[in-house]
Amino acid sequence: MEFFAIGASVAMGENALDRLKELPVKKAMLFCDPFLVKSGASRQITDRLDQMGAAWELFDGIIPDPTIDVVSAGVARIMAFGPDTVIAMGGGSAIDTSKAVSYIYTRSAGVEKPLLVAVPTTSGTGSEVTSFSVISDPAAGVKYPLVSDELLPDVAILDPSLTLSVPAVVTADTGLDVLTHAVEAYVSPRATDMTDALAEKAAAAVFEYLECAVKNGGDMAARKHLQNASCMAGMAFNNAGLGLCHAMAHSMGAVVHMSHGRCNAMLLPHVVRFNSQDETVRKRYAKLAAKLGCCCHSDAVAVEGLIRRIEELMRAVNIPGVIADAEKRKLCAEKAAEMACNAQKDRCMADNPISAQNSQIEELYQKIAR
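Focus: helix H14 (residues 358-367)
Residue pairs spaced three or four apart in an α-helix point in one direction, given the helix's 3.6 residues per turn.
Reasoning step 1: Of the residues making up H14, those classed as buried are Ile361, Leu364 and Tyr365. With its buried residues spanning 100 degrees around the axis, H14 presents them on a single face.

Set out below in structure tokens:
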């Protein structure tokens, strides 16, 4: 038996933020990063809450790769405030933090789960529709993917206007993260017709619109399609799972301290080639390649065509194939064995279509550290 779940209701497109006014919010805690407060972007949420007559409190301690300490600080604040609604505004870090805080609050205080509203301002993680939350432990040099249906937001609001100010480098990194979600969900052993449809559509949108959004950040149509692609890829992997690339990216990000999307982008071509050693998996990649218009005279040719298209897109959006920073490149090479061991323990490894030995994972890390 196959199973497909859709949790969050999704409002999308122009003026999607007005969906907030339709929700039964009386007391809300807003999670966002300091930049959104300084730029005034957070007022798009708080002004609406004021118009609704809702009480609200702001937690702006969000940092990239949220840590256990940040989550603990958020829990302390939410325990004192006792909201009926949690609103996360920002990228994956803000949404992941709010999901973890809400989960712990509900469990610790013994209260009803607050309404969880996710408002992404980047197009990458798909966290607004997933039951995943990734939290870092800097002391241990590890990222922990938390997985529970209780982490799933109730409402997702996709307003492309919120992504217009995202820098080109962040747009590129997060866009390749979307592509990685789609590709890994597509070859997962738990893939279904439902997840395939979402993954195919999301991957096609990234190839069609990412370069446009990177080169012209004000392209509203491109921003809208990428935001929708991120959400669709999130739905796909929330049901089908991820794989080796994400397991490696989690481990690498915690040690080398590079953006999650950038780690995925550099690793993806090598992981595709590694996984395609298996005939069944190779056929799956070939099927996706055909959907994306690659030359498909044989399955092997199709896979190489898919890899070539990924690498071409990376070049078009200025993502190098190897780690550019010399110190980070050296660190990756030196810590490859340690990162391989941590990747092997990552929750995402369970859904990779083939098994990988530590030595093979280490070799994949070395390919981007040369």
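Additional details are given in the paragraphs that follow.
Let's talk about the sheet that holds strand E4 (residues 85-90)
Reasoning step 1: Pairing is parallel in the open sheet, where 6 strands are placed in the order E1-E8-E5-E4-E2-E3. Of all strands in the sheet, those bounded by a partner on one side alone are strand E1 (9-12) and strand E3 (55-59). The sheet shows a mean angle of 20 degrees between the axes of neighbouring strands, direction not considered.

A look at the nonpolar core
Reasoning step 1: Counting 84 residues, the largest nonpolar core has Leu176, Leu179, Leu244, Met248, Met252, Leu267 and Tyr365 as its most contacted members.
Reasoning step 2: Tallying contributions element by element places helix H6 (residues 193-215) first for this core, with 11 residues.
Reasoning step 3: Aside from chain neighbours lying at most four places away, what touches Met248 is Leu267, Val271, Ala343, Ile361, Leu364 and Tyr365.
Reasoning step 4: Residues Leu17, Val25, Leu49 and Leu162 belong to the second largest nonpolar core, which totals 21 residues.

Quick notes on the side chain of Asp351
Reasoning step 1: Take Asp351: it is sitting in the loop between helix H13 (336-345) and H14.
Reasoning step 2: On the basis of relative accessibility, which here comes to 7%, the residue Asp351 falls in the buried class.
Reasoning step 3: Residues within four places of Asp351 in sequence aside, it is in contact with Ser188, Pro189, Arg190, Ala240, Gly241, Leu242 and Gly243.

The rules we used
- Residues numbered from 1 in each chain as written.
- Predicted model: local features only at pLDDT ≥ 70, side-chain atom pairs only at ≥ 80, totals over all residues.
- Heavy atoms only, no water.
- Buried < 20%, exposed > 50% of the residue type's maximum accessible area, 1.4 Å probe, protein only.
- Helix = DSSP H or I, 4+ residues; strand = E, 2+ residues; numbered from the N terminus.
- Arc of directions from axis to C-beta.
- Pairing = 2+ DSSP bridges.
- Axes fitted to C-alpha atoms, helices over the stretch in contact; angles between N-to-C directions.
- Core = buried A, V, L, I, M, F, W, Y, C linked by side-chain atoms within 4.5 Å.
- Contact = heavy atoms within 4.5 Å.

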